[in-house]
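Listed below are the residues making up each chain.
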Amino acid sequence: MKKMLLGAVALAFGAGAFGASVQASDTVNLQLKWVTQAQFAGYYVAQDKGFYEDADLDVNIKPGGPDIAPPQVIAGGGADVVVDWMPSALASREKGVPLVNIAQPFKTSGMMLTCRKETGITSPADFKGKTLGVWFFGNEYPFLSWMSKLQIPTTGGDNGVSVLKQGFNVDPILQKQADCVSTMTYNEYWQVIDAGIPASELVVFKYEEQGVATLEDGLYVLEDNLKDPAFVDKMARFVAASMKGWDWARAHPKEAAMIVLDNDASGAQTEKHQVRMMGEINKLTAGSDGKLNPADYERTVSTLLGGGSDPVITKKPEGAWTHAVIDAIK
């Protein structure tokens, strides 16, 4: 028995010494757009279920927050790939951070404007003279494009709207500081309801239904890195494993939500909220194989260019997306 053990040790040492069977995993630093929640379940599932490990990847998932801008993180070398909304990514690209979309797990937009019914708002035309809560830090772009399309100024007055810089909460509508607030189908909308305002007392306007939807949670890398075949191969394995995680999350929503909770170091998330969020998120990723639809991209660009005197981007981007990574998946 002792000889067998010594032989096994020697074999293991030999394999490691000569690199015959021991191969270090490629490291991938992923920066999320927001805090740990079901919005990013596919990545946590891929990690938990060993999909990344099976692809020879060691993925470090970095939660975001109110003070974390993914474009700044990747520009500073803090990430290999980031999750960001396309309006933010394209605006950053025009300002000098050469972000490129390599995959688009989210097919549909979850952004909405949620209003109290008592304000009398029944259509977008009723926004005039109202105060609307809007997220900034790159999240304001779809809203500004929408107001431009409606030809409603965002400078206040009876014929315009007053924009209230909304924190990442729904306090303005609860405290009646705003008539409407920005919400996501999977998060803040339910925070309003949980705070005591029933759905029957709310009116919602989904960007998707207003014809101004822009692409959300996509995967972006720096353009220069795509010149390296090894990086493209690494990202191809990462995207494939991530999409496998998203597929698993759609098939096992409750279990996926629990995996997210297990990774929530803050302890701020609840099972009820994450399970509900997972159900809504799965609606947004449904139908996506990770490959960006050029028509969805063109719609987003058209919406952003339609910003009137203050467009989100001033010219049509070039080289802002690629199928090179998706096409490299084996």
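Preceding block: the structure.
Below is a short write-up of the structure. (Residues numbered from 1 in each chain as written. Predicted model: local features only at pLDDT ≥ 70, side-chain atom pairs only at ≥ 80, totals over all residues. Heavy atoms only, no water.)

## Regarding the overall build of the protein
In terms of helices and strands, the protein carries 13 helices and ten strands. For 330 residues, the compact-globule estimate of 2.2 N^0.38 gives 20 Å, and the C-alpha radius of gyration of the protein, at 22 Å, lies within 12% of that figure. Summarising its shape, the C-alpha atoms of the protein cover approximately 90 × 45 × 30 Å along the three principal directions. Taking all 330 residues of the protein together, 51% fall into the buried category. Total accessible area on the protein is roughly 14900 Å²; 52% of this is exposed by carbon and sulfur atoms. Both charge centroids of the protein, one from 30 positive and one from 39 negative side chains, sit 2 Å from each other. (Helix = DSSP H or I, 4+ residues; strand = E, 2+ residues; numbered from the N terminus. Rg over C-alpha atoms; globule rule 2.2 N^0.38 Å. Buried < 20%, exposed > 50% of the residue type's maximum accessible area, 1.4 Å probe, protein only. Areas by Shrake-Rupley, 256 points an atom, 1.4 Å probe, with all protein chains shown as cover. Lys, Arg positive; Asp, Glu negative; His and termini not counted. Charge placed at Lys NZ, Arg CZ, Asp CG, Glu CD.)

## Brief notes about the sheet that holds strand E10 (residues 218-222)
Strand order in the open sheet formed by five strands is E2-E1-E3-E10-E4, with mixed pairing between adjacent strands. Where the open sheet ends on each side, the last strands, each with one partner, are strand E2 (57-62) and strand E4 (99-103). Averaged over all neighbouring strand pairs, the angle between strand axes comes to 35 degrees, with direction disregarded. In this sheet, E2 lies alongside strand E1 (residues 26-31) in parallel orientation, the contact comprising six bridges. In the sheet register, Gln-31 faces E2, and the bridge partner there is Lys-62. On the sheet, helix H5 (residues 86-94) packs against strand E3 (81-84), E4 and E10 and is oriented at approximately 145 degrees with respect to E4. (Pairing = 2+ DSSP bridges. Axes fitted to C-alpha atoms, helices over the stretch in contact; angles between N-to-C directions. Contact = heavy atoms within 4.5 Å.)

## Details of helix H11 (residues 271-285)
Between its terminal C-alpha atoms H11 stretches 21 Å, which fits the 21 Å expected from 15 residues at 1.5 Å a residue. Within the span of H11, buried status applies to His-273, Gln-274, Arg-276, Met-277, Met-278, Glu-280, Ile-281, Asn-282, Leu-284 and Thr-285. Where H11 is buried, its residues contact helix H2 (41-48), helix H8 (188-194), helix H9 (229-251) and helix H10 (253-262). (Expected span 1.5 Å × (residues − 1).)

## What to know about H2
Here H2 lies mainly inside the structure; six of its eight residues are buried. Of all the positions in H2, only Ala-41, Gly-42, Tyr-43, Tyr-44, Val-45 and Ala-46 are classed as buried. Gly-50 sits one or two positions beyond H2 and adopts a positive phi of about 80 degrees.

## As for unusual backbone geometry
One non-glycine residue, Asp-56, lies in the positive phi region at around 60 degrees. Residue position: Asp-56 is located in the loop between helix H3 (51-54) and E2. At Lys-176, a residue that is not glycine, the phi angle is positive and equals roughly 60 degrees. Relative accessible area serves as the criterion here: at 54%, Lys-176 is assigned to the exposed category.

## Topic: the state of the cysteines
Counting across every chain of the model gives one disulfide. The disulfide partner of Cys-115 is Cys-180, and the gap between their sulfur atoms is 2.2 Å. Here the disulfide of Cys-115 and Cys-180 is right-handed, its torsion about the S-S bond being about 100 degrees. Of this pair, Cys-115 sits in strand E5 (residues 111-116) while Cys-180 sits in strand E8 (residues 180-184), and the two are 65 residues apart along the sequence. In this structure, Cys-115 and Cys-180 share a single accessibility class: buried. (Disulfide = S-S within 2.5 Å.)

## A short note on the layout of surface pockets
Any space left empty among the atoms is revealed by the rolling of a water-sized probe across them. The computed volume of the second largest pocket comes to approximately 170 Å³. Among the elements of the structure, H8 and H11 are those that each provide at least two residues to the lining of the second largest pocket. Its residues assigned to classes, the lining of the second largest pocket shows five nonpolar, six polar and one charged. (1 Å grid on protein atoms, 1.4 Å probe; cavity = no way out; pocket = protein on both sides within 12 Å on 5 of 7 lines; lining within 4 Å. Points joined across faces, edges and corners; volume = space filled by probe spheres on them. Nonpolar A, V, L, I, M, F, W, Y, C, P; charged D, E, K, R; others polar.)

## So, the side chain of Gln-274
Following the sequence through the fold, Gln-274 ends up in helix H11. Gln-274 has contacts with Gln-37, Ala-38, Ala-257, Val-260, Leu-261 and Gln-269, leaving out every residue within four places of it along the chain.

## What to know about the environment of Glu-280
With respect to the helices and strands, Glu-280 occurs in helix H11. Remark: the alpha-carbon pair of Glu-280 and Met-184, spanning 96 residues in sequence, is separated by 9.6 Å. Ignoring any residue separated from it by four or fewer positions in sequence, one finds Glu-280 in contact with Thr-185, Tyr-186 and Trp-190.

## Details of the pattern of salt bridges
In this structure the tally under the stated criterion is 16 salt bridges. A salt bridge links Glu-118 to Lys-176; its shortest N-O distance comes to 3.0 Å. With a gap of 58 residues between them, Glu-118 in the loop between E5 and strand E6 (131-134) and Lys-176 in the loop between helix H7 (171-174) and E8 connect regions that are remote in the sequence. Put simply, Lys-227 and Asp-224 hold a salt bridge, and the shortest N to O gap is 3.3 Å. Exposure class is identical for Lys-227 and Asp-224. Each is exposed. Ionic contacts of the salt-bridge type, sharing partners, join the residues Asp-26, Asp-233, Arg-237 and Lys-330 into one network. (Salt bridge = Lys/Arg side-chain N within 4 Å of Asp/Glu carboxyl O.)

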